[in-house]
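These are the residues of each chain, in order.
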Amino acid sequence: MSAPLIQLEGITKRFGSITALDGLTLEVPEGTVCGLLGPNGSGKTTAIRILLGLSRATSGDATLLGSEPGDRDFPTAVRQTGSLIEGPALYGRATARQNMEIQAAARGIDNAQSEIAELLSLVKISERADSKARTFSLGMKQRLGLAIALLGGPRLVILDEPTNGLDPSGIVEIRELIKELPNRGVTVLVSSHLLSEVQLMCDRATIINKGKLIANGTMDEILASSGAGDGWKVYVRISQAEASIKSLEERGLQVIDNGQGSLIVRGSIEDDSEITRILAESGIWLRGLMRETPNLERVFMSLTGGESGDAD
Amino acid sequence: MRTEFLKVRSLPTPLWTGLALLLCFVGGLAASVIWGVGEDNASLEVAVNFPLWIASMVLGVWIAGVEFGQNTMRRVLAADPRRIHLIFSKLAVVLLIIVAATVALDLVGALLYGLAGSGHTYSIDSELALRSGAATVLSNLIAAAVGMSLTLLTRSMAGGLTITLVFFFVLDSVLSLIPKVGHYTLGAASGDLTVAISGSTNGNFGEAANLHPATAALVTVAWIVLLFGAGAYRTLQTDVK
C-alpha cells in the first residue's frame with residue numbers, strides 16, 4: 001500500500017493561550033475521498049493551513065505528498081495539490097478566465113487555455129468565463145474556486161466547504177464531481193458542515209473536536225463505532241407514546257422520544273418482533289416500525305457531545 | 001514573474017494609474033504649447049516626473065497590497081509556497097515597470113514638450129532632461145520599494161498606502177529637521193543622491209546636498225534594506241489567514 005498523501009503526527013498549534021490543535025494525528029490514504037468534520041473552531045481549517053505551509057505548527061510533523069513545509073520538495077508537493085480554503089479567494093476585478101490564468105501561471109502551468117476552458121465547462125460557468133468574479137454569486141465563486149483547485153491535474157485536492165453557497169442542484173453536481181475525482185487519480189480531503197453530504201461523498205472521515213482527533217476510519221467503521229444504526233424507529237399513536245416509553249424502558253431498553261408518536265428504541269433487541277410483542281402485551285398497537293438508518297449526524301453529535309451540528 | 005505581470009495586465013489599478021499618468025502628460029503637453037516648458041524643464045518635472053513618483057509609490061503599495069486587499073495571499077501561497085520568491089518576483093516586476101514607464105515618458109516627454117514649447121522663452125535642456133530622468137528613475141525605484149516594504153509590514157493595502165504617505169510626507173520631513181541626524185533620513189540621503197545625478201538643486205524630496213554622494217548612496221541603501229527586510233521578514237514569519 002502506498003504512503004498516505006497527507007500525514008499529520010502530533011500536530012499542536014497554539015495562538016497565545018488558545019490551543020487550536022492538540023496533538024492531532026491523521027492520515028489520508030491515496031485514492032480516497034476523506035471527510036474532515038468538527039464543530040466550529042475545532043481546528044479543521046488550521047490543520048489544512050498547516051498542511052499547505054500557510055501556518056506553522058507549534059509542534060508535530062505535517063507531511064504533504066511526502067514533504068514537510070521547509071523541505072526542498074515542498075513547493076512541488078504544494079503545486080501538485082489543489083485547494084479551496086475558506087472561500088475561493090478570487091481577484092474580484094479580474095474575470096473568471098483571468099483568475100484561472102493567474103493561478104495557472106502561479107503553479108507553473110504553460111499553455112493552460114484549453115484546460116481552463118475544460119474546467120470552466122466542468123463546473124458549469126463557461127458562459128460567465130469573461131465576467132468579472134466580483135459579479136458572481138457565492139455559488140458561482142465556489143464553482144470557480146473548485147475549477148482553480150483542479151487546475152494542472154493535481155494528485156491531491158483539499159476542499160474547505162466546497163458546497164458553501166450552492167443551491168441544492170449545485171450541491172448534487174459538486175458532490176458527484178468530487179466522488180468522481182478518485183477515478184481520475186485524485187485524492188480528496190473535504191471539510192464540510194453538511195454532514196449528510198460528507199456521508200454521501202466520502203469513503204473515510206476524520207472527526208476532530210477541540211483540536212483533538214476523536215474518530216477516524218472508513219465511513220462504515222465510524223458509523224458502526226457509535227452504535228448508530230443499532231436502533232429501531234417506532235411509530236405509535238400520540239396518545240399512547242408515554243405508555244409505550246414506559247413499557248419499553250421497563251424491559252431495559254433505551255427510548256428517545258422524537259415527539260408526535262415517533263420513538264427511537266435502542267438496546268438489546270433481537271429483532272422487530274420483540275418490540276411488537278412488548279407493546280402488544282401493554283395493549284399498544286404499532287403504527288410503524290423500521291430499522292434506524294446509520295446517520296453521520298448522529299455519530300457526529302454523540303462524539304462531539306452535541307456541541308454543534310454545524311461544523312466549520 | 002509571469003504571474004505578477006498577469007495581475008498587472010488583468011487588474012484595474014495599474015491601468016488607472018497609467019491613465020492618470022497619461023492625463024498628466026497630456027496636461028503638461030497642453031501647458032507647454034500655451035506657456036512653454038518653463039525654466040529648468042519645469043513642465044516635464046511637474047507633469048511627468050512628479051506624477052511618476054506618486055505612481056511609483058501607488059504601484060509599489062499595490063503590487064504587495066493586492067493580495068491583502070483581495071484576501072488572495074492564501075491562494076497565491078497555496079499555489080507556490082516560496083514566500084521569498086513571491087516577494088522578489090513582485091519587487092522585480094514593479095521595478096521593471098517603473099523603469100520602463102519612467103524612461104519612456106521622460107524620453108517622449110522631452111521630445112514632445114520641446115516641440116510643443118518651441119517659440120517660447122525657454123526650451124527643453126536635453127542634458128538636464130537626461131540627468132533629471134536618471135534621478136527620477138532612482139527616486140521612483142525608492143518610492144516603489146518603500147511602498148511595497150511598508151505594505152508588507154502592515155499587511156494591508158490601505159494601511160500600506162497611508163503609512164507610505166505618512167512616511168514620505170510627514171515622518172521623513174520631521175526627522176530631517178533634527179540637526180545632523182536629519183541628514184541621514186531616507187528623504188535627505190536620497191535627495192542628495194538625486195541632486196548629485198541631476199545636477200539640479202531640487203530633488204523630489206526637497207532641497208538637499210548635505211552628504212557626499214557615496215555616503216548618501218550608502219544611507220539610502222541601508223534604509224531600503226532595513227524597510228524591505230522588515231517587510232520581508234514579517235511576510236516570511238506570519239501565518240496566512
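What counts, and at which threshold
Residues numbered from 1 in each chain as written. Chains lettered and ligands numbered in written order. Predicted model: local features only at pLDDT ≥ 70, side-chain atom pairs only at ≥ 80, totals over all residues. Helix = DSSP H or I, 4+ residues; strand = E, 2+ residues; numbered from the N terminus. Buried ≥ 20, exposed ≤ 12 C-beta atoms within 10 Å, placed from the backbone. Rg over C-alpha atoms; globule rule 2.2 N^0.38 Å. Contact = placed C-beta atoms within 7 Å. Nonpolar A, V, L, I, M, F, W, Y, C, P; charged D, E, K, R; others polar. Pairing = 2+ DSSP bridges. Axes fitted to C-alpha atoms, helices over the stretch in contact; angles between N-to-C directions. Domains from an automatic or database assignment. Parallel < 35°, antiparallel > 145°, perpendicular 65-115°, else oblique. Left-handed = near helix turned anticlockwise from the far one by under 90°. Expected span 1.5 Å × (residues − 1). Core = buried A, V, L, I, M, F, W, Y, C linked by C-beta atoms within 7 Å. pLDDT = per-residue confidence, 0-100.

### Concerning the overall build of chain A
Within chain A, the secondary structure is distributed over 11 helices and 13 strands. Relative to its full complement of 312 residues, chain A shows a buried share of 46%.

### Topic: the overall build of chain B
For chain B, the count of helices and strands is 9 helices and 2 strands. In sequence order, the secondary structure elements of chain B are arranged as α-α-α-α-α-α-α-α-β-β-α. A globule of 241 residues ought to have a C-alpha radius of gyration of about 18 Å, and chain B, at 19 Å, matches this closely. Burial status across chain B gives 50% buried among its 241 residues. Of all intrachain contacts in chain B linking residues separated by at least 6 positions in sequence, the fraction that spans at least 24 positions is 72%.

### Notes on the interface of chain B and chain A
Between chain B and chain A, the contact holds 21 residues from the first and 23 residues from the second. Considering every element that reaches the side of chain B that touches chain A, the biggest residue donor is helix α4 (residues 73–79) of chain B, with 6 residues. Per-class residue counts for the side of chain B that touches chain A are 9 nonpolar, 5 polar and 7 charged.

### Thoughts on the sheet that holds strand β4 (residues 59–64) of chain A
Residue and element names in this part refer to chain A. Overall, antiparallel pairing links the 3 strands, which are arranged β2-β1-β4 in an open sheet. With one partner strand each, in any of the chains shown, β2 (18–28) and β4 form the two edges of the open sheet. Going across the sheet, the axis of each strand differs from the next one's by a mean of 25 degrees, ignoring polarity. Pairing geometry for strand β1 (residues 6–15) and β2, over 7 bridges, is antiparallel. Bridge pairing in β2 links Leu-8 to Leu-26. Contacting β1, β2 and β4, helix α1 (residues 44–51) crosses the sheet at an angle of about 115 degrees to β1.

### A look at the domain arrangement of chain A
One can read the domain layout of chain A as domain 1 (6–80 + 154–225) and domain 2 (232–292). Taking only C-alpha atoms into account, the centre of domain 1 of chain A sits 40 Å from that of domain 2 of chain A.

### Focus: the packing of helix α6 (residues 126–154) of chain B against helix α7 (residues 157–176) of chain B
Each pair of packed helices can be described by the angle between their axes along with the distance between the axes. Residues and elements named next belong to chain B. One can describe the packing of α6 onto α7 by two numbers: an axis separation of 8 Å at closest approach and a directional angle of 130 degrees. In this view, α6 runs oblique relative to α7, as classed from their interaxial angle. For the element pair α6 and α7, the recorded crossing hand is right-handed. Here Val-146, Gly-147, Leu-150, Thr-151 and Thr-154 of α6 lie close against α7, whose contacting residues are Met-157, Gly-159, Gly-160, Ile-163, Thr-164 and Phe-167. Of the residues belonging to the contact of α6 with α7, the class tally is 5 nonpolar, 6 polar and no charged.

### Some remarks on the sheet that holds strand β3 (residues 33–37) of chain A
Residues and elements named next belong to chain A. Across the sheet, which stays open at both edges, the 6 strands sit in the order β5-β6-β7-β3-β8-β9 with mixed pairing between neighbours. Across the chains shown, the open sheet's two edge strands, defined by having one partner strand only, are β5 (81–84) and β9 (212–218). Put simply, the sheet's adjacent strands are angled 15 degrees from each other on average, direction ignored. Pairing analysis gives 6 bridges linking strand β8 (residues 204–209) to β9, with the strands arranged antiparallel. Bridge pairing in β9 places Ile-207 opposite Ala-215.

### Some thoughts on unusual backbone geometry
Peptide bonds are, in most cases, trans, and in most cases residues other than glycine have a negative phi. Residues and elements named next belong to chain A. At Glu-161, a residue that is not glycine, the phi angle is positive and equals roughly 55 degrees. Looking at the element boundaries, Glu-161 is found in the loop between β6 (156–160) and α6 (168–180). Among the residues examined, Glu-161 registers 21 C-beta atoms within 10 Å and is labelled buried. The phi angle at Lys-210 is positive, at roughly 50 degrees, despite the residue not being glycine. Residue classification places Lys-210 among the partly exposed positions, given that 17 C-beta atoms sit within 10 Å.

### Describing the environment of Leu-23 of chain B
Mapped onto the elements of the fold, Leu-23 of chain B is located in helix α2 (residues 12–35). Between the C-alpha atom of Leu-23 of chain B and that of Pro-51 of chain B, which follows or precedes it by 28 residues, the distance is 10.0 Å.

### Brief notes about the packing of α7 of chain B against helix α8 (residues 186–198) of chain B
Residue and element names in this part refer to chain B. With their axes 8 Å apart at the nearest point, α7 and α8 run at an angle of 85 degrees to one another. Of the possible angle classes, the one that applies to α7 and α8 is roughly perpendicular. Taken together, the residues of α8 that come into contact with α7 (itself represented by Phe-168, Asp-172, Ser-173 and Ser-176) are Leu-186, Gly-187 and Ala-188.

### A closer look at α6 of chain B
All names here are of chain B. For α6, built from 29 residues, the straight-helix expectation of 42 Å at 1.5 Å per residue is met to within 8% by its first-to-last C-alpha distance of 41 Å. In terms of burial, α6 is a largely internal element, 23 of the 29 residues being buried. Within two residues after α6, Arg-155 carries a phi angle of roughly 55 degrees, on the positive side.

### Digging into the nonpolar core
Of all hydrophobic cores here, the largest spans 89 residues; its most connected members are Leu-51, Leu-144, Ala-147, Val-157, Val-188 and Val-190 of chain A. If you look at the next biggest cluster of nonpolar residues, it comprises 59 residues, including Phe-25, Leu-105, Ala-144 and Leu-186 of chain B.

### Section: the pairing of β8 of chain A
All names here are of chain A. In terms of burial, β8 is a largely internal element, 6 of the 6 residues being buried. Taken together, the 4 bridges between β3 and β8 define a ladder with parallel strand orientation. Opposite Leu-37, over in β8, you have Ile-207 as the bridge partner. Between β8 and β9, which pair antiparallel and follow one another directly, the connecting turn spans 2 residues, one of which, Lys-210, has a positive phi of 50 degrees.

### Here's the deal with the confidence of the model for chain A
Summary statistics for chain A give a mean pLDDT of 86 and a share of 95% for residues scoring 70 or more. Low pLDDT (under 50) marks residues 308–312 of chain A, which in the prediction has 18 contacts with non-local residues, meaning those over four places away or in another chain.

### So, the environment of Ala-158 of chain B
With respect to the helices and strands, the residue Ala-158 of chain B is situated in helix α7. Residue class for Ala-158 of chain B comes out partly exposed when judged on the 13 C-beta atoms lying within 10 Å of it.

### Quick look at the confidence of the model for chain B
Residues and elements named next belong to chain B. Taken residue by residue, chain B gives an average pLDDT of 88. The fraction at 70 or more is 96%. Taking the mean pLDDT of every element in chain B, the minimum, 48, falls on strand β1 (residues 202–203) and the maximum, 94, on helix α9 (residues 213–237). For this predicted complex, the interface confidence comes out at an ipTM of 0.82, alongside a pTM of 0.82.

### Points about the pairing of strand β12 (residues 262–266) of chain A
All names here are of chain A. Side chains Leu-263 and Val-265 of β12 all project onto a buried face; the interleaved residues Ser-262, Ile-264 and Arg-266 project onto a face where none is buried. Taken together, the 4 bridges between strand β10 (residues 232–235) and β12 define a ladder with antiparallel strand orientation. By the bridge assignment, Tyr-235 is partnered in β12 with Ser-262. Relative to β12, strand β11 (residues 254–259) is paired through 5 bridges, and the arrangement is antiparallel. The residue of β12 that forms the bridge with Ile-256 is Ile-264.

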